[in-house]
Structure formats: structure tokens, C-alpha cells
Number of protein chains: 2
Amino acid sequence: MLLSFGYAGKTYPVNPHESEIHGLKTYPRVGDIPEPVDFATISVPAQAVPEVVEECLAKGVKAAQILTAGFREISEEGERLERQVARTAAKGIRIIGPNCFGVYCPGGGVTILPGSYLPKESGPVAFISQSGGYAIRVPRRASGLGIRFSKVISYGNACDINECDLLEYLSEDEETRIITGYIEGVKDGPRFFKLLQEISKTKPVILLKGGLTRSGAIAVNSHTGSLGGQEEVWDAVFKQSNAIRVNDHEELVDNTLAFLHLAPQRERQVCAVGGGGAITVTAADICDRVGLSLPLFSDELQKRLLPIIPRVGASARNPVDVGSPGPPPSMLRGVMEAVLSDGSADTIIIDEIESAATGPQSEMAQVLVDIKQRFGNPIVMVLPVEAIDTDNIEREDTRRKTRDYYLSQGIPVFLTLARAARAIANLDSYYQRRDAISSLPDPA
Amino acid sequence: MLLSFGYAGKTYPVNPHESEIHGLKTYPRVGDIPEPVDFATISVPAQAVPEVVEECLAKGVKAAQILTAGFREISEEGERLERQVARTAAKGIRIIGPNCFGVYCPGGGVTILPGSYLPKESGPVAFISQSGGYAIRVPRRASGLGIRFSKVISYGNACDINECDLLEYLSEDEETRIITGYIEGVKDGPRFFKLLQEISKTKPVILLKGGLTRSGAIAVNSHTGSLGGQEEVWDAVFKQSNAIRVNDHEELVDNTLAFLHLAPQRERQVCAVGGGGAITVTAADICDRVGLSLPLFSDELQKRLLPIIPRVGASARNPVDVGSPGPPPSMLRGVMEAVLSDGSADTIIIDEIESAATGPQSEMAQVLVDIKQRFGNPIVMVLPVEAIDTDNIEREDTRRKTRDYYLSQGIPVFLTLARAARAIANLDSYYQRRDAISSLPDPA
């Protein structure tokens, strides 16, 4: 995986039965490597792991990731082996895992076990994951939306380095602006809570907590041998720490996208633009339900909008109904200019204007990017991936290219309006509560 | 639109300025058509509509759809014109519209205004829509999931035939098994409620009600001049009528898919199968939150599963964790056979087993279809469309073909597990309540 990802440093395979692996000279034991070693990846069977960790310590290896599973999560014997590894770690080698996929750090040229095709570029998002599966699924999905990562750490059973250590590290990591995570159990509740509270003052922490329901808690126990915890307790943790709670990996990616592209905004006023009455009606319902404010437009602004939109089958109120999901680009330009120069709204959500998906070079795409650059206001797109006929595949290709173009221009693109609205509402709530907390008098 | 959709009957264009349109002889007025006429589509400017409707009545036309907008929804003058049309209708011609896209009825060879590319085949689902935009968006999205329609009626301002008439008609329409709808306002509340109650005893009615929030109600008023209604009142309508409530058009399609493929099931017991710990943990959380029951597996069943799944990094509990999102097809076969022959669960949800997306001819696809045919139990697939990189477009193509194959074999495919779970929970709740209602003693 290291070789195919293009790791530029020296790599020393260790295996007692081979003399060469992938063209690299292979050593029977760690101690036989002639040069100093920084970092080890261990994937021998569980029974052999403690001894290999001891050898790494003796060799002066600073840290190791143990990919092998079959420890605490399956048996008492596994738990005993894991404790043995932890005791060695305490003597001077830091351990990630066992039962994990390790570290993806594009800056350092390393990737997780199944991550050869993850992007080579770094970005401002970190993801810590007690799950190996999510450590690949989340960055893969996220990378399709232009999200790039500083570090992804699959930490598994966390016999040494745990979620708190990782949060603490990432809070100080200059490369990381947004911290995201998938958590099942927490080793040290008070420390975890205190860290969330502290870090949330400067960096958003977006967390998917697995195992909060009865069925989920049973599954968590089989997975990492953790206790799921009570939903009420976790509700309080999220509220009091201002960490951002998400309920599935789709929401985790949506929220990350919002934090990546949208700046803090006091009392955001949204203008939604759609093509069709029902589309704007349900857009209004969806925004209202998550608490996004759609201001009423003044008579003056409505008068400016009326000559721009069709005379019938349209609406100059908010949401603006441009009459059809495929309006002329000049109409969309006129609407956006009128609304933003009036100042009634500061954020525009374009809800499935279909012709906005006709390619990055299209006039429609240029209108959106031009308005974004001239006014500097947040523009949010909703481009669905739901016309899923097999004979529409070329259209899907164009849509994806258009999406990439918008993302490259700082216009976040969500798959449904409901998902966009929830993510923006979470973002606004985070910054509002952060402001409120920072304006409290110092208790000392 | 009629011609390009392939309407097989006779078509008479009427236009005072042309003698031929699309190669068809064109008549200056309706009265000039030499033969009897069944149905008229009217799209002249609003001011001229009442006169044309009168001419249709005089000609003996039985019904007409008025596509023209600019009536009650925009002005008092428009309202006056609409009342005039309604008065003519009362004399013996039935009207759909105005301000609508008309009727899509593949059996009769007719389609709505923008619907030339809708499927030519009929199916068991009806959709009534106060919105024209949704009358095209919903069948288009739905048809990508193999859903076929008996009738789609965009009825707009409903100056004559309204939502109640349509519900009544569809309740008796033998072609229609599932009724879906987008509703903004209702003309006759008591009749509507009574119809919902009655129809729900035999056919599911899935409704998206727009305009229930403050912002939504304002938008509804601009759209069809309806009153949105209070959320509390509508909550009661849904509960007491057993109509199925959905909040957006994605949910409407999801629920339709569930009703189409899944039979009524008493106390459904779900087994979820995923590849990876976190995936099964969040699957358990998602099912639990919507009230789907994931039974605990007996020790005996777990013992039968353990030799089938990987020794480590997997779980024989429910959800079953097969260790990786790409397990060997034989492993999935073994798991499904063990669970279904044990009888602990009756419904299997396969959550994003990625290799299940490697083409309709793949061994994995054949395993699923084979199990479905042999056991007859509901199998539900979750295949995401979220690996949305531009360079993954071929993979997306394969995925779509696989999805089509599963759908053709009676295996519903949802885009996310959360959406699948909500739809199945709604289906179960509908049938449970229908059973409970039908077992009540007759009040007479």
C-alpha cells in the first residue's frame, strides 16, 4: 500500500520466510534492519504481536500501528495480549491500534490499509475513526466532494493512543481546521468532555457517535468491545461542549462540506431559488423546519424582481420561483443581483436548477461563479444524483464535472436541499453558541 | 408532446393563424373540427380560455385540461376568469387545471406537458399533484427506480376536478394499487379526510403536504393561491386517516418503492448485513431509531454463522458484520441461508456491500436473486450513489445496471440505509394500523 501510494522514504519489509518482497530487501526480524526506523506497521497474527512490539522498542522505533485484529474485541486471551502490548508501549513506543487500518497522512506520503487511491493532496480536515471501515468510506465519499484531509487515523481498540490523545494532537495541528470523528466508546469520559469543550472554542468538532440505541449498543460491543453509552448522557455532552452531532456518515460529510466553504455568519438570512411552485414551497418548509431564516422580501425588492421572472407561474417572494427548473441564465443572474444588492438575504441556495448542471463551461455555471466572485456572498447549490436511469449516465458525467467546478470555486454542492439545510443550520448553531460562550464572563 | 410520446389516436390542432402544425391539418376554431372530439388540451392565453371552453362544450368535448397559468393564483381578474370556466364546466364538460401540466396516462398514450421521455409502460402507482413541477420530477425520479405509473395528474388550480374527485376516481381504478400525491391546499376538508380514511383501508395513500411551516404557507399562497393549513391539524389528519406522511419528494419515492416491493408483514424482524463494525453499529442505530426490530440471534444461530464469517473483525450478532464491504459472494450466501432457515429474521437488508454493485452478471448479484427466489423473503438493498468522483463514472454505470437488475427481480434498492429504514417503518406502521382499524367492532 505504501509503495502504490508513492511513499518517498525508505521501506523495510520484515518477514522470516522471504528475502525480497515487491523488489525490496526483506529482513527476518526488526533487529536485523541496518538503519534507524521511525515507524512500524505490524500485521503479524495477534499471538506474535507483543513480541514484535518489544523488538520495535528495542530497535528504537518511535511509533507503530498494529493492523491485526483479534484482541480485546473477541476474547479474554485477546485482551491479555492487548494489555501486554500496552505495557510495552508504556516503556517508550507509541501504538495506534490494534484492530485498525492505521494512518492516512498525504503530507507524509502514507495511507491507510485500503487507501491506495485516496488523494495525494493534503487538506484542512482531520478524521479520527474507531472504525476501519469508516476510515476508508468517509474520506472516499468526502474526496468526491473536493474535501481533502490533513490526517485520517483509524485507531481501533486504542490500547495506547486513544481518541483523547488524537483530539489533543489535532487541536494543536496547524494543518487541521476542522476535526471530524466516528466514536463508539470513550476511555476517559471527563477528559474527553473537557477536550471537546476546549477545542470547540477554536475548531469545530463534528462527531458521529455509534451505539446510542439498544441495538446499536449491542453491535458496538461486538465491534470494539466498547460500551455504547446512554443517549441522554451524549445529548448533554453535545449540548454542553458545542461539538456538532451527526447521525450517519452522509451527514458527517455534509457538515464537513458546510464548514469548509461557509464562513461564520451572524443571523444568516437565506434566499432560496427554485424552479416551480411545489419546489419552492417544500424548500420553504425544509428551511423552516431546521430553523433557517427566510426573510420576507420588501415590496420594493419584489417590484425589482417581478420584471425579471416570468409574469405567471412564478413568485417574487422568498423562496423565489423562477417558473421552471431550467430558466435562462440571465434570469437567474438578475434574481441573484437584485436580492444580494438589496441586502435582504446574505446567502443564496439554488435548489436543483437543472440547467445549472449542463457543464462547467455553460453560461449558467459562469453566472453563478461570477455572482459569487462579485458579491462575495455564500452561494450554495443543490444538485441531485437521483435521475438514476442507466440511459442518463452521460448527463451524470456532466453533472459531476459541473459539481467539481462549483466546488473549486468555493460553492458547496449538496445532494438534497434537506441535507444542505441541516448542515447550514448546524454550522450557524455552532458559531452562535461559540460566540455566546466566549462572551460569558470569565468564572475566575 | 402527444406526437413525440406516440399518441395513437387522432389529433386536431386548433389555431386561427395556421393551416398546418407538425404536418397535421389545423382548424381555426374547435367548432370547425369535422369529427367528434373526446378530450381537449387548452393553452391559449388566460383571457381567451373561457371562450374556448364554451366552444369545447358546444362541440360535445367530454373533458379538457387547461395548461394556461395566470388565474386565481395571480390576480382578482384571473380569479374571475377561473370562476367563469367553472360555470361552463358545470354545464357538462369536466376540467383539469388551469395552471397545470395535465395528465400522463401511458395506457392511453398521453403524457403531461414536459413528459415526452416518460416511460411508455403503465404500472400500479398513481400520482396526483397540485404542482406541475412535481408532476414531472416525481415520475422522472421514480422511473429511474423502476416505478411505473397508471396515471399522473397535475391538476393545478382545480377549478372543477379537484384532489377529492381524483382520490375517489383512483380508489376505484383497478390499474392503481398505490396512490401518491403532492397537496398544497384542500377545497373540502371533511370530504378529503373521509376519503383518506376510506381509501386507506384498501390502498395506501402516500402524501407530501406542502406549506405546513410559516415560510411554506407563504410560498403556497403565491403558488396556487391555497391556504397551507396548520401543522397540528394535518398531524391529526395523517394519524386518524392512516395516510402515509412524507416530508419531501425523495421520501415520497422511497415510500412508493417500499410499498411496491414489500408485502404486508406482521411484526417484521429485520436482519441487517454490513461489511465493517461501524457500518453495522450505525445500521443498528438507524433501524432502532425508526422502530424496526432487529431481533437478538440465539446462541445456536450465532454458532451456525461463526464458521461462515471471518474469525476476527466480524460479528455473528444482528446486524451481521461480514468483516469487509466486499466479502466473497459465498459468505453472503451462507449468512443469508443460515438466518432465513433459522427463521429469526424474515427481512434482510444488505447495507452497501460494495461488491454487490459489480454488475448484474456478477456472482454476488446472482446469490441475492437466488436467495430471494428460494426463500421468498423480502431482500432489501442499499446501494449508494455517493462515490461521486468524475473518474468513477464507469463504476456508477455498472451500479445503475445492477440496481435495475435487482429491481427487476423484486429487490428494492434504496440510496441510503436511513431512507430504506424510514420507508419500511412507514410501510409496517400503515399495515399494522390498517389491521387494528379493520378489527374494531362496527359502530353500526
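The helix and strand tally for chain A stands at 15 helices and 16 strands. With the C-alpha coordinates of chain A rotated into their principal frame, the extents come out at 80 × 55 × 40 Å. The 444 residues of chain A split such that 59% are buried. Nonlocal contacts in chain A, meaning residues at least 24 apart in sequence, comprise 73% of its contacts between residues at least 6 apart. For chain A, the accessible area works out to roughly 17,400 Å², and carbon and sulfur atoms hold 51% of it. Taking the average location of the 46 positive side-chain charges in chain A and that of its 56 negative ones, the two points are 1 Å from each other.

Moving on to the pairing of strand 3 (residues 39–42) of chain A. Residue and element names in this part refer to chain A. Residues Ala40 and Ile42 point to one face of strand 3 and are all buried, whereas Phe39 and Thr41, pointing to the other face, are not buried. Judged from the 4 bridges that link them, strand 3 and strand 4 (residues 63–66) form a sheet pairing that is parallel. In the sheet register, phenylalanine 39 faces strand 4, and the bridge partner there is alanine 63. After leaving strand 3, the chain enters helix 2 (residues 49–59) and then returns to the sheet as strand 4, a path that is right-handed.

To continue, consider unusual backbone geometry. Going from glycine 97 of chain A to proline 98 of chain A, the amide bond is cis rather than trans, its omega being -5°. Relative to the elements of secondary structure, proline 98 of chain A occurs in the loop between strand 5 (94–96) and strand 6 (102–104). Omega for the bond connecting asparagine 318 of chain B with proline 319 of chain B falls within 30 degrees of zero, at 0°, which places this linkage in the cis form. Among the secondary structure elements, proline 319 of chain B is positioned in the loop between helix 11 (299–305) and strand 13 (320–321). Despite not being glycine, histidine 22 of chain A has its phi angle at roughly 50°, a positive value. Mapped onto the elements of the fold, histidine 22 of chain A is located in the loop between strand 1 (20–21) and strand 2 (24–25).

Let's shift gears to the packing of helix 5 (residues 163–172) of chain A against helix 6 (residues 189–199) of chain A. All names here are of chain A. Between helix 5 and helix 6, whose axes approach to 10 Å, the crossing angle comes to 20°. Here helix 5 is positioned roughly parallel relative to helix 6, judged by the angle of their axes. As helix 5 packs across helix 6, the resulting crossing turns out to be left-handed. For the pair helix 5 and helix 6, the contacting residues are Glu163, Cys164, Asp165, Leu167, Glu168 and Ser171 in the first and Arg191, Phe192, Leu195, Leu196 and Ile199 in the second.

What follows is about the sheet that holds strand 5 of chain A. All names here are of chain A. Spatially, the 3 strands line up as an open sheet ordered 3-4-5, and their pairing is parallel. The sheet is open, and its two edges are formed by strand 3 and strand 5, each paired on a single side. Across the sheet, the axes of successive neighbouring strands diverge by a mean angle of 20°, strand direction being ignored. Here strand 4 runs beside strand 5; their pairing, made up of 3 bridges, is parallel. Directly across from alanine 64, in strand 5, lies its bridge partner isoleucine 95. Sitting on the sheet, helix 2 touches strand 3, strand 4 and strand 5, and the angle it makes with strand 3 is about 170°.

In this structure the tally under the stated criterion is 64 salt bridges over all chains. In this structure, aspartate 428 of chain B engages arginine 268 of chain B in a salt bridge whose closest nitrogen and oxygen atoms are separated by 2.9 Å. You can see aspartate 428 of chain B sitting in helix 15 (residues 417–438) and its partner arginine 268 of chain B sitting in the loop between helix 9 (249–261) and strand 12 (270–274), a full 160 residues away along the chain. Its relative accessible area of 8% is what places aspartate 428 of chain B among the buried residues. Three or more residues joined by partner-sharing salt bridges are found here, namely Glu396, Arg399 and Arg400 of chain A together with Glu396, Arg399 and Arg400 of chain B.

Residue and element names in this part refer to chain B. Pairing is mixed in the open sheet, where 6 strands are placed in the order 6-8-7-9-10-11. This sheet does not close on itself; its edge strands, each paired only once, are strand 6 (102–104) and strand 11 (244–246). Going across the sheet, the axis of each strand differs from the next one's by a mean of 15°, ignoring polarity. Here strand 6 pairs with strand 8 (residues 149–154) via 3 bridges, running antiparallel. Bridge pairing in strand 8 links tyrosine 104 to valine 152.

Further remarks concern the packing of aromatic side chains. Residue and element names in this part refer to chain A. Scanning the entire structure with this criterion turns up 18 aromatic pairs over all chains. In this structure an aromatic cluster arises from ring pairing among Phe192, Trp234 and Phe238. A cation over an aromatic ring shows up here: lysine 209 above the ring of tryptophan 234, its NZ or CZ 5.1 Å from the ring centre.

Attention shifts here to the environment of glutamate 396 of chain A. Considering the arrangement of structural elements, one finds glutamate 396 of chain A in helix 14 (residues 393–408). Once the C-alpha coordinates of glutamate 396 of chain A and cysteine 105 of chain A are considered, the two residues, 291 residues apart in sequence, prove to be 31 Å apart. Excluding its chain neighbours within four sequence positions, the residues that come into contact with glutamate 396 of chain A are Val385 of chain A together with Ile393, Glu396 and Arg400 of chain B. Only 3.2 Å separates the side chain of glutamate 396 of chain A from the side chain of arginine 400 of chain B, close enough to count as a polar contact.

As a further point, take the interface of chain B and chain A. The partner chain A presents 76 residues to the 76 residues of chain B that form the contact. Where chain B meets chain A, there are 8 salt bridges. Note that arginine 289 of chain A is salt-bridged to glutamate 231 of chain B, the shortest N-O span being 3.3 Å. Taken together, the elements giving at least two residues each to the side of chain B that touches chain A come down to helix 4 (132–143), strand 10 (205–209), helix 7 (214–224), helix 9, helix 10 (277–290), helix 14 (393–408) and helix 15 of chain B. A total of 11 residues in the side of chain B that touches chain A trace back to one element, the largest contributor, which is helix 10 of chain B. Each residue belonging to the side of chain B that touches chain A can be placed in one class, and the counts come to 27 nonpolar, 22 polar and 27 charged.

Next up on the list: the nonpolar core. Soluble, globular proteins show a tendency: their nonpolar side chains are buried together. Within the largest apolar cluster, 180 residues are counted, with the highest numbers of intra-cluster contacts made by Ile350 of chain A together with Ile350 of chain B. With sequence-adjacent residues up to four places away left out, isoleucine 350 of chain A is seen in contact with Val273, Leu332, Met336, Leu368, Ile379, Val380, Met381 and Val382 of chain A.

With that out of the way, let us pick up the pairing of strand 12 of chain B. Residues and elements named next belong to chain B. Extensive coverage of strand 12 is indicated by the burial of 5 of its 5 residues. Where burial is concerned, the two faces of strand 12 agree: the one with Val270, Ala272 and Gly274 and the one with Cys271 and Val273 are both buried. Looking at chain direction, strand 12 and strand 14 (residues 347–351) are connected through 5 bridges and run parallel. By the bridge assignment for strand 14, valine 273 is matched with isoleucine 350. In terms of strand pairing, strand 12 meets strand 13 through 2 bridges, oriented parallel. Looking at the pairing, glycine 274 lines up with aspartate 321 of strand 13.

For the rest of this paragraph, the subject is the side chain of histidine 249 of chain A. When you line up the elements, histidine 249 of chain A lands in helix 9 (residues 249–261). A polar atom in the side chain of histidine 249 of chain A sits 3.5 Å from the side chain of tyrosine 134 of chain A. Contacts of histidine 249 of chain A, omitting those with residues within four sequence positions, involve Tyr134, Arg137, Val138, Arg141 and Leu208 of chain A together with Glu352 of chain B.

Mapping chain B onto chain A leaves a residual RMSD of 0.0 Å; the transformation is a rotation of 180° accompanied by 0.0 Å of translation along its axis. Here the symmetry operator amounts to a two-fold rotation axis. Every residue of chain B has its C-alpha some distance from the rotation axis, and the shortest such distance is that of valine 385 of chain B, at 3.5 Å. Mapped onto chain A, 100% of the interface residues of chain B again fall at the interface, so both copies present the same surface.

Procedures and definitions
Starting from 1, residues in each chain are numbered consecutively following that chain's sequence as written. Ligands are numbered from 1 and chains lettered from A, in the order in which they are written. This being a predicted model, a pLDDT of at least 70 is required before a residue's local features are given, and a value of 80 or more before pairs of side-chain atoms are given or counted; all residues contribute to the totals for chains, interfaces and linings. Side-chain figures throughout are based on the complete set of non-hydrogen atoms in the structure, without hydrogens or water. Working definition: helices are DSSP H or I runs of at least four residues, strands are E runs of at least two. Numbering for both runs from the N terminus. Buried means the residue's accessible area, taken with a 1.4 Å probe over protein chains only, is under 20% of the maximum for its type, while exposed means over 50%, and partly exposed covers the values in between. Here a residue-residue contact requires only that any non-hydrogen atoms of the pair lie within 4.5 Å. Accessible areas in this description were obtained via Shrake-Rupley with a 1.4 Å probe; residue shielding takes into account the shown protein chains only. When charges are tallied, Lys and Arg are placed among the positive residues and Asp and Glu among the negative ones, while His and the ends of the chain are skipped. Charge positions come from single atoms, namely NZ of Lys, CZ of Arg, CG of Asp or CD of Glu. A pair of strands counts as paired when DSSP detects no fewer than two bridges linking them. Handedness of a crossover is defined as follows: with both strands directed away from the viewer, a clockwise route from the first strand across the helix to the second makes it right-handed. Between the N-to-C directions of two axes lies an angle of 0 to 180 degrees, each axis being a line fitted to C-alpha atoms and, for a helix, fitted only over the stretch in contact. Roughly parallel here means an angle under 35 degrees, roughly antiparallel means over 145, roughly perpendicular means 65 to 115, and every remaining angle is called oblique. In this scheme, a crossing is called left-handed if the near helix is turned counterclockwise away from the far one by less than a right angle; it is called right-handed if the turn is clockwise. Throughout this description, the term salt bridge denotes a Lys or Arg side-chain nitrogen within 4 Å of a carboxyl oxygen of Asp or Glu. Only centres within 6.5 Å qualify two rings of Phe, Tyr or Trp (six-membered ring in Trp) as a pair; their planes then separate them into stacked at under 30 degrees, edge-to-face at over 60, and tilted for everything else. Look at NZ for Lys and CZ for Arg. If either is within 6 Å of the ring centre and within 35 degrees of the ring normal, a charge sits over the ring. Any pair of nitrogen or oxygen atoms within 3.5 Å is treated as a polar contact; in protein, a donor-acceptor pairing is required on top of that, and neighbouring residues in sequence qualify only through side-chain atoms on both sides. Think of it as three bins: nonpolar holds Ala, Val, Leu, Ile, Met, Phe, Trp, Tyr, Cys and Pro, charged holds Asp, Glu, Lys and Arg, and polar takes everything else, Gly as well. Put simply, buried Ala, Val, Leu, Ile, Met, Phe, Trp, Tyr and Cys residues joined by side-chain atoms within 4.5 Å make one nonpolar core. Alignment of the copies relies on least squares applied to C-alpha atoms, considering only residues that score at least 70 for pLDDT in both.

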